[in-house]
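Architecture and fold: a report
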Amino acid sequence: MELDPTLLEIIVCPACHSDLALVEDDPAAPELVCEGCGLAYPIRDGIPVMLVDEARKPA
């Protein structure tokens, strides 16, 4: 999964406005994980889905 580095610099968590980190533990399901609240936003077809309702909550 290749996301534009500029996008990763400016995009923030919509819930708490913290920075996001790209996590590719499962190559079939990459995510952007919030460094603040821990919500994990899916990336579908190369597009981050930045909806709190779509985010996976931390365990």
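Because the structure is a prediction, the values reported are computed rather than measured. (Residues numbered from 1 in each chain as written. Predicted model: local features only at pLDDT ≥ 70, side-chain atom pairs only at ≥ 80, totals over all residues. Heavy atoms only, no water.)

1. Observations regarding the nonpolar core
Selection rule: Joining through side-chain atoms within 4.5 Å is the link that ties buried Ala, Val, Leu, Ile, Met, Phe, Trp, Tyr and Cys residues into a set, and such a set is a nonpolar core. For the exposure calls, accessible area comes from a 1.4 Å probe over protein chains only, and a residue counts as buried if that area is under 20% of its type's maximum, exposed if over 50%, partly exposed in between. Only DSSP runs of H or I covering at least 4 residues are called helices, and only runs of E covering at least 2 are called strands; the numbering of each starts at the N terminus. Between two residues, a contact is recorded if the distance between any of their heavy atoms is within 4.5 Å.
Grouped together as the largest cluster of nonpolar side chains are 10 residues: Leu3, Ile11, Cys13, Leu20, Leu32, Cys34, Leu39, Tyr41, Ile43 and Ala55. For this core, the elements supplying multiple residues, two or more each, are strand E2 (31-34) and strand E3 (40-44). Excluding its chain neighbours within four sequence positions, the residues that come into contact with leucine 3 are Leu8, Leu22, Leu32, Ile43, Gly46 and Pro48.

2. Section: the pattern of salt bridges
Put simply, the rule is: The term salt bridge refers to a pairing of a side-chain nitrogen on Lys or Arg with a carboxyl oxygen on Asp or Glu at a separation within 4 Å.
For the coordinates displayed, the defined rule picks out two salt bridges. Across the pair arginine 56 and glutamate 31 runs a salt bridge, and its minimum N-O distance is 2.8 Å. With arginine 56 in the segment after strand E4 (47-48) and glutamate 31 in strand E2, this residue pair connects regions lying 25 residues apart in the sequence. Salt-bridge contacts for arginine 44 lead to glutamate 54; the nearest nitrogen and oxygen are separated by 3.0 Å. Here the residue arginine 44 occupies a position in strand E3, and glutamate 54 occupies one in the segment after E4, the gap between them amounting to 10 residues. A residue is classified by how much of its surface remains accessible, and glutamate 54, at 37% relative accessible area, is partly exposed.

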